[in-house]
Protein chains: 2
Amino acid sequence: MAEGTARLTRRGLLVGIGAAGGAGAMFAAMGALGLAPTGQDKEFQAPRKGDFTLTGRGSASVLILGAGVAGLTAAYELGKAGYDCTLLEARQRAGGRNLTLRGGDRLTETGSTQEVGFGEGVYFNAGPARIAPWMLTLDYCRELGIPIETFVNNNGAAYVHTNGQTVRARTARADTYGYIAELLAKATDEGRLNRRLTAEDRERLLDFLTRFGDLGEALSYSGSPRRGMARNPGILAGLELDPPPGTLSEILSAGTGRAITADFSYDMAAPMFQPVGGMDRIVTALVERVGEDRIRTGVQVTKITSLGDGVEVEWQGGKQKADYCIAALPPHILARIPHNLGPDVSTALAKPTPVPAGKLGLEYGRRWWELEDRIYGGITETDLDITHIWYPSHGYHAQTGLVVAYYNTDKDAELYGALSHEDRKRRALTQGKKIHGEKFRQNVLSSASIAWERQDHIKGGWARWPVIDSSFTLLQGPAGRVYFAGDWLTRLTAWQAGAMESARHVVTQLHQRVMKSP
Amino acid sequence: MAEGTARLTRRGLLVGIGAAGGAGAMFAAMGALGLAPTGQDKEFQAPRKGDFTLTGRGSASVLILGAGVAGLTAAYELGKAGYDCTLLEARQRAGGRNLTLRGGDRLTETGSTQEVGFGEGVYFNAGPARIAPWMLTLDYCRELGIPIETFVNNNGAAYVHTNGQTVRARTARADTYGYIAELLAKATDEGRLNRRLTAEDRERLLDFLTRFGDLGEALSYSGSPRRGMARNPGILAGLELDPPPGTLSEILSAGTGRAITADFSYDMAAPMFQPVGGMDRIVTALVERVGEDRIRTGVQVTKITSLGDGVEVEWQGGKQKADYCIAALPPHILARIPHNLGPDVSTALAKPTPVPAGKLGLEYGRRWWELEDRIYGGITETDLDITHIWYPSHGYHAQTGLVVAYYNTDKDAELYGALSHEDRKRRALTQGKKIHGEKFRQNVLSSASIAWERQDHIKGGWARWPVIDSSFTLLQGPAGRVYFAGDWLTRLTAWQAGAMESARHVVTQLHQRVMKSP
């Protein structure tokens, strides 16, 4: 799941990306773990049928536990070479957390079921919802022929709501940059930085800062058209004069700074993308390539036994043997299944902790965010328990549309998750009204919500390693004939791309082993 | 035309938007002109048939000179109330600078003709190509039922090429922000800004700067994953260690700062939009609503005479009378047509000067920018005479695609405009190779280029007022029974939205006059 919430809390959580300590600190940590970046599966070669026919070897049978994105990707890649894969999926459908809800769907959580009533063409990506252009996910979209479109991850017309105040994101940014530029420009101009800057540096810096902050002649910030305009320019030049920018102290205490840097990280930077029609187009395409007949749903694994010459997997009412097994389940789910893979594996599986994550989609009969707020896609950042409001990056100018009224994690997600759907909705409407006014509660046609920690056989938005240690490394390799796969085994936790990277990593290892076998 | 080039040179040129002097200076200038922002046509009411039937008045006949976006919009709005409009267009097609080229089109310039050979589905927006979400253009897309999609105006994966060096835009940004943050953070931490900051301000500022620059523990910038990664994160954390960031002096002297702020202005801020299938979808829809039979192409006006009870317009081989006239031609074209509107009008029309602007589209047989550079849409900024390279924001993952190899204005545009199409292409390929290497010259299937200053009856990308003075104000009102319309009569010069704003302004005036007439 592309965790939007993590944009505010990501630093330090997602080891390896945008960590707070800067590059140097991160690399030092990596070096200590023997994880200097030289390995990556960038040069992945999918297994081919020719690998067997040319060597006279036969392929192998593989039991894949979990038909989420990791399991499906592994089956898809192994299938290219003719491996005999069977996927065992505890849920009633493939895809795992890649879940797109549409009208007519039923969503069951521990203790309740929602009947999704969205209108024709309306969908809600309840799980992952955005793709960075460098991610493997986009390669698979290309390979599988899934059309993509832009996901708007940053929109200056959206709002920032902090400490009870709401401003446009562009206003927060213009004011912050304006005052920062002014502070640094004046210090530079007054010679306070002469120890660090040559005369040429100073001149160039002042030139940049003037542009960066839209400074006036005395290197002062006194507002800028970049803040937005009460009247848009037309015959006359428009300008938002009321209210003027607050003071530097006011801007700093408003606490909008985190929202400004929300998309600075490598994984969140614009442009981002989404499949046209819903994220589960990826699942549909993978299932089609893998073959629906290879996926057995409703099968809850009860035991995994690695044998000398294969693996045996048991479930209630059945069992199956295969040459190899790929366990592509969340670690906290896998940890509960009895196995003979040794105590180190058990210890390792117990380390990542599941993260609660929730979303609620509201279908409106009127796209008021476009008509009245001129918000076309993007995200409003808040310090409320809803954390974010997402506006749709598709279906622009349609009659109806779906807004994600919250996307939160951890404590906020637990708070909403514990409520009934109706209560989640009521609370989200009350919160959203603080930003958008009464219209946020009007024209709501239908809604659906998810609390991932309450989804059977998933039980979490994703799993977080408190620290990347030898347990992480241990599970990169097989335990006997059992391999492990999932986004949680990569530096792309919570991203589909992580599941795909991990699947490729395992496929490569498994195929090399088979090719070396006598 | 949405002038990309102006993003680098816009400051000070486009009076009223993002002007260099900050908001205060701009507003002072506006006040001096009596142009305080109170008027705008934001509350525009289109004329209605009921306006006449309810008052017993008849509508009027209107001759509209020029079937560009301004003329078409005026005819469309007047047509809603039943005005009898006739458009006289000197070119062979309606749309003016809103021009989308496709396979099979012929593009004639002074002295030459190009046969456009693009493949199926490939198009080249030779004129305007992007729309800001607050602009009227988007309202018309909604009203006319034209589907829109995101135009990627900012992509950190694109390049900045300055002083012979090429870096990713995200690298330039991360390094610049990193060092700025370090400078200001250290000055703050050392107490050098105590006069300007309270203890609380300082703490908040340091917190923000650490995020903003991705600073390390000693408030130092030593690189960041935001710069991009040589290997993307997967099983291992990826990081671009080679080359490390240059020094502060090196970053400042690289001159990439202008590219960083290129989309900061209100009109260029992400997200931007484009009609699906080509910008001329707007022209097609307007022509359909106005009625093709109302547009007479190939008609070059030779004289405009305002009479007591109407207007007479002459052209080679014909003339026509009407109650009113709207002159929706570029000022430098209109200035050459004899009229009886008085010397002040002549003086005013002579003031705006046409700006040369050029573009060249290259159709490639392979989307190497996606496959190899992971660039999905966006713009590479350069200090070369090509100024910009645009990557397409649509057709992602298709087999072929069209890159805009240059979009330049002023001297650079004149330089390319003076060449034959083949020579323009040769030069653009040589320049693009400096950034993208040999692949920029390979797999080119076809191409087309335009030099707007060489387009008959247009003769410029747009027209620029050296200063907004009383001439600008004069032409906002009619001269006798002749009204003036065009983007050049607004603060949105070079934007279609300006043409639309101006058309509405004139329609409102004209309709009010008709409604007041006896």
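For every chain, the first residue of its written sequence is number 1, and the numbers climb from 1 along that sequence. Just so you know, chain letters begin at A and ligand numbers begin at 1, following the order they were written in. With pLDDT at 70 or above as the cut-off, local features in this predicted model cover only qualifying residues; side-chain atom pairs require 80 or more to be listed or tallied, and sums for whole chains, interfaces and linings still use all residues. To obtain the side-chain values, all non-hydrogen atoms of the structure were used and water was disregarded.

- Under the annotation held in an unreviewed UniProt entry, chain A carries the name Monoamine oxidase and is attributed to Nonomuraea soli.

### Looking at the overall build of chain A
And step 1. A run of H or I in DSSP becomes a helix once it reaches four residues, and a run of E becomes a strand once it reaches two; helices and strands are each numbered from the N terminus. Tallying secondary structure elements over chain A gives 17 helices and 23 strands in all.
And step 2. What the globule rule says is 2.2 Å times the number of residues to the power 0.38, and the radius of gyration is computed from C-alpha atoms. Taking 24 Å as the expected radius of gyration for a compact globule of 518 residues, we find that chain A reaches 25 Å, a close match to that expectation.
And step 3. C-alpha atoms of chain A, sized along the principal axes, occupy 80 × 60 × 40 Å.
And step 4. Categorising residues by exposure relies on relative accessible area from a 1.4 Å probe, with only protein chains included: less than 20% of the type maximum marks a residue as buried, more than 50% marks it as exposed, and the intermediate range marks it as partly exposed. The buried share of chain A, taken over its 518 residues, is 63%.

### What to know about helix α4 (residues 69–79) of chain A
And step 1. Within α4(A), 10 of the 11 residues are buried, which leaves it mostly tucked inside the rest of the structure.
And step 2. Where α4(A) is concerned, the buried positions are A:V69, A:A70, A:G71, A:L72, A:T73, A:A74, A:A75, A:Y76, A:E77 and A:L78.

### Considerations on the pattern of salt bridges
Residue and element names in this part refer to chain A.
And step 1. The salt bridge definition used is simple: a Lys or Arg side-chain nitrogen within 4 Å of an Asp or Glu carboxyl oxygen. Inspection of every chain in the model, using the stated rule, returns 54 salt bridges over all chains.
And step 2. In this structure, R97 engages D487 in a salt bridge whose closest nitrogen and oxygen atoms are separated by 2.6 Å. Within this pair, whereas R97 is found in the loop between β2 (84–89) and β3 (100–102), its partner D487 is found in the loop between β23 (482–484) and α17 (496–516), the two being separated by 390 residues in sequence.
And step 3. Where R227 meets D175, a salt bridge forms, and the shortest distance between an N and an O atom there is 2.8 Å. In this pair, R227 sits in the loop between α7 (199–213) and α8 (248–254) while D175 sits in helix α6 (residues 169–189), placing the two residues 52 residues apart along the sequence.
And step 4. Owing to a relative accessible area of 6%, R227 belongs among the buried residues under this scheme.
And step 5. Overall, D175 belongs to the buried group, its relative accessible area being 3%.

### What about the sheet that holds strand β12 (residues 301–306) of chain A?
All names here are of chain A.
And step 1. At least two DSSP bridges between two strands are needed for those strands to be called paired. If you trace the 3 strands from one edge of the open sheet to the other, you get β12-β13-β14, paired in antiparallel fashion. Both outer strands of the open sheet, β12 and β14 (318–322), are each paired with one neighbouring strand and no more. In this sheet, neighbouring strand axes are inclined to one another by 15° on average, regardless of whether the strands run parallel or antiparallel.
And step 2. Here 5 bridges tie strand β13 (residues 311–315) to β14, and the two strands are oriented antiparallel to one another. Think of each axis as a best-fit line through the C-alpha atoms, taken over the contacting stretch in the case of a helix, with angles from 0 to 180 degrees between the N-to-C directions.

### Here we look at the packing of helix α5 (residues 136–144) of chain B against helix α17 (residues 496–516) of chain B
Residue and element names in this part refer to chain B.
And step 1. Following both chains from N to C, one finds α5 and α17 inclined at 80°, their axes separated by 8 Å at the closest point. The angle between α5 and α17 places the two elements in the roughly perpendicular class. Residues L136, T137 and Y140 of α5 touch α17, and the partners they reach there are Q496, A497, M500, E501 and R504.
And step 2. Put simply, Ala, Val, Leu, Ile, Met, Phe, Trp, Tyr, Cys and Pro go in the nonpolar bin, Asp, Glu, Lys and Arg in the charged bin, and everything else, Gly too, in the polar bin. A per-class count over the contact of α5 with α17 returns 4 nonpolar, 2 polar and 2 charged. An angle counts as roughly parallel when it lies under 35 degrees, as roughly antiparallel when it exceeds 145, as roughly perpendicular when it falls between 65 and 115, and as oblique in every other case. Contact definition: two residues touch when any of their heavy atoms are within 4.5 Å.

### Side note on the domain arrangement of chain A
By a widely used convention, the size of an interface equals the accessible area lost when the partners come together.
And step 1. By domain assignment, chain A separates into domain 1 (49–92 + 297–352 + 465–515), domain 2 (100–157 + 269–279 + 355–454) and domain 3 (168–254).
And step 2. Here the bounds of each domain stem from an automatic or database domain assignment. Between the C-alpha centres of domain 1 of chain A and domain 3 of chain A there is a distance of 54 Å.

### Structural notes on the packing of aromatic side chains
Centre-to-centre distance and the angle between the planes together describe a pair of aromatic rings.
And step 1. For Phe, Tyr and Trp, rings pair up if their centres lie within 6.5 Å, where Trp contributes its six-membered ring, and each pair is then called stacked (planes under 30 degrees apart), edge-to-face (over 60) or tilted (otherwise). Counting across every chain of the model gives 48 aromatic pairs over all chains.
And step 2. Measuring from ring centre to ring centre gives 5.4 Å for A:Y364 and A:W368, while their planes differ by 90°; the resulting arrangement is edge-to-face. When sorted by exposure, A:Y364 lands in the same class as A:W368, which is buried.
And step 3. Of the aromatic side chains, those joined through ring pairs into one cluster are A:Y177, A:F208, A:F212, A:F264, B:Y177, B:F208, B:F212 and B:F264.
And step 4. Above the plane of the ring of B:Y324 lies B:R481, whose end atom (NZ or CZ) is 4.8 Å from the centre. Think of it as a cone above the ring: NZ of Lys or CZ of Arg counts as a charge over the ring if it is within 6 Å of the ring centre and within 35 degrees of the ring normal.

### Side note on the sheet that holds strand β2 (residues 84–89) of chain B
Residue and element names in this part refer to chain B.
And step 1. Spatial strand order, β11-β2-β1-β15-β23: 5 strands in an open sheet with parallel pairing. Of all strands in the sheet, those with a lone pairing partner are β11 (295–297) and β23 (482–484), marking the two edges. Adjacent strand axes in the sheet meet at a mean angle of 20° when their direction is disregarded.
And step 2. Two elements, strand β1 (residues 61–65) and β2, share 5 bridges in a ladder whose sense is parallel. The residue bridging V62 from the neighbouring strand is C85, located in β2.

### Looking at the pairing of strand β20 (residues 401–409) of chain A
Residue and element names in this part refer to chain A.
And step 1. Most of β20 sits out of view: 9 of its 9 residues are buried.
And step 2. Sheet analysis places strand β17 (residues 357–364) next to β20, joined by 8 bridges and oriented antiparallel. When the sheet's bridge partners are listed, L360 is paired in β20 with Y406.

### Examining the nonpolar core
And step 1. Counting 85 residues, the largest nonpolar core has B:V62, B:L72, B:Y83, B:L101, B:I326 and B:L510 as its most contacted members.
And step 2. For this core, the element with the highest residue contribution is α17(B), accounting for 9 residues.
And step 3. Those residues in contact with B:V62, other than ones at most four positions away along the chain, are B:L78, B:Y83, B:D84, B:C85, B:T86, B:A322, B:Y324, B:I326 and B:L510.
And step 4. Take the buried Ala, Val, Leu, Ile, Met, Phe, Trp, Tyr and Cys residues and link them wherever side-chain atoms come within 4.5 Å; each set so joined is a nonpolar core. The next biggest cluster of nonpolar side chains, apart from the first, holds 84 residues, and it includes A:F124, A:Y324, A:M500 and B:Y396.

### A short note on the packing of α4(A) against helix α10 (residues 281–290) of chain A
Residue and element names in this part refer to chain A.
And step 1. Close contact between α4 and α10 brings their axes to 9 Å; oriented N to C, the two are set at 40°. When the axes of α4 and α10 are compared, the pair comes out oblique. The way α4 lies across α10 gives a crossing that is left-handed. On α10, the residues that touch L72, T73, A75 and Y76 of α4 are V283, L286, V287, R289 and V290.
And step 2. Grouping the constituent residues of the contact of α4 with α10 by class yields 7 nonpolar, 1 polar and 1 charged. By the definition used in this description, the sense in which the near helix is turned from the far one sets the handedness, with an anticlockwise turn below a right angle giving left-handed and a clockwise turn giving right-handed.

### Points about the side chain of A:D469
All names here are of chain A.
And step 1. Tracing the backbone shows D469 in the loop between β22 (462–464) and α16 (470–474).
And step 2. For D469, a relative accessible area of 18% corresponds to the buried category.
And step 3. Here the side chain of D469 touches S471 through a polar contact of 2.9 Å, landing on its backbone nitrogen. Here a polar contact means two N or O atoms within 3.5 Å. Within protein one must be a hydrogen donor candidate and the other an acceptor candidate, and residues neighboring in sequence count only if both atoms are side-chain atoms.

### Examining the environment of A:I64
Residue and element names in this part refer to chain A.
And step 1. Relative to the elements of secondary structure, I64 occurs in strand β1 (residues 61–65).
And step 2. Overall, I64 belongs to the buried group, its relative accessible area being 0%.
And step 3. Between the alpha carbons of I64 and A398 there is a distance of 42 Å; along the sequence they are 334 residues apart.
And step 4. Leave out the neighbours within four places in its chain, and I64 touches G71, A74, A75, C85, T86, L87, L88 and I326.

### Considerations on the side chain of A:S446
All names here are of chain A.
And step 1. Here S446 shows up in strand β21 (residues 444–451).
And step 2. Owing to a relative accessible area of 11%, S446 belongs among the buried residues under this scheme.
And step 3. At 2.6 Å, the side chain of S446 and the side chain of E363 are in polar contact.
And step 4. When residues no more than four places from it in sequence are discounted, the contact partners of S446 are G117, F118, G361, L362 and E363.

### Points about helix α15 (residues 421–436) of chain A
Residues and elements named next belong to chain A.
And step 1. Taking 1.5 Å per residue as the helical rise, α15 with its 16 residues ought to reach 22 Å, and the 22 Å between its terminal C-alpha atoms agrees with that figure.
And step 2. Restricting attention to buried positions, one finds in α15 the residues H421, R424, K425, A428, L429, Q431, G432, I435 and H436.
And step 3. Looking at the residues trailing α15, positive phi occurs at G437, about 75°. Given the number of residues in a helix, its expected span is that number minus one, multiplied by 1.5 Å.

### Regarding the environment of A:A327
Residue and element names in this part refer to chain A.
And step 1. Structurally, the position occupied by A327 is in strand β15 (residues 324–327).
And step 2. Along the chain, A327 and I304 lie 23 residues apart, while their C-alpha atoms are 9.4 Å from each other.
And step 3. With residues near it in sequence (within four places) discarded, A327 still touches L65, L334, V482, Y483, F484 and A485.

### Describing the pairing of strand β8 (residues 159–162) of chain B
Residue and element names in this part refer to chain B.
And step 1. Burial along β8 is two-sided: the residues Y159 and H161 and V160 and T162 are all buried.
And step 2. When β8 meets strand β9 (residues 165–168), the two strands line up antiparallel, connected through 4 bridges. Its bridge partner being in β9, H161 is matched across the sheet by T166.
And step 3. Connecting β8 to the next strand, β9, in antiparallel fashion are 2 residues, including N163 with a positive phi near 50°.
And step 4. Here 2 bridges tie β8 to strand β18 (residues 378–382), and the two strands are oriented parallel to one another. Bridging across to β18, H161 finds its partner in T382.

### Considerations on the confidence of the model for chain A
All names here are of chain A.
And step 1. Overall, the predicted model of chain A reaches an average pLDDT of 91, with 91% of residues at or above 70.
And step 2. Confidence drops under a pLDDT of 50 for residues 1–41, and excluding neighbours within four residues, the segment shows 128 contacts in the predicted structure.
And step 3. Quick note on the complex model: pTM equals 0.92, ipTM equals 0.91. Per-residue confidence from the predictor is reported as pLDDT, which spans 0 to 100.

### Considering the environment of B:W315
All names here are of chain B.
And step 1. Assignment of secondary structure puts W315 in strand β13 (residues 311–315).
And step 2. On the basis of relative accessibility, which here comes to 10%, the residue W315 falls in the buried class.
And step 3. For the pair W315 and V299, spaced 16 residues apart in sequence, the C-alpha separation works out to 6.6 Å.
And step 4. With residues up to four places along the chain from it excluded, the contact list for W315 reads L88, R296, V299, Q300, V301, T302 and Q320.

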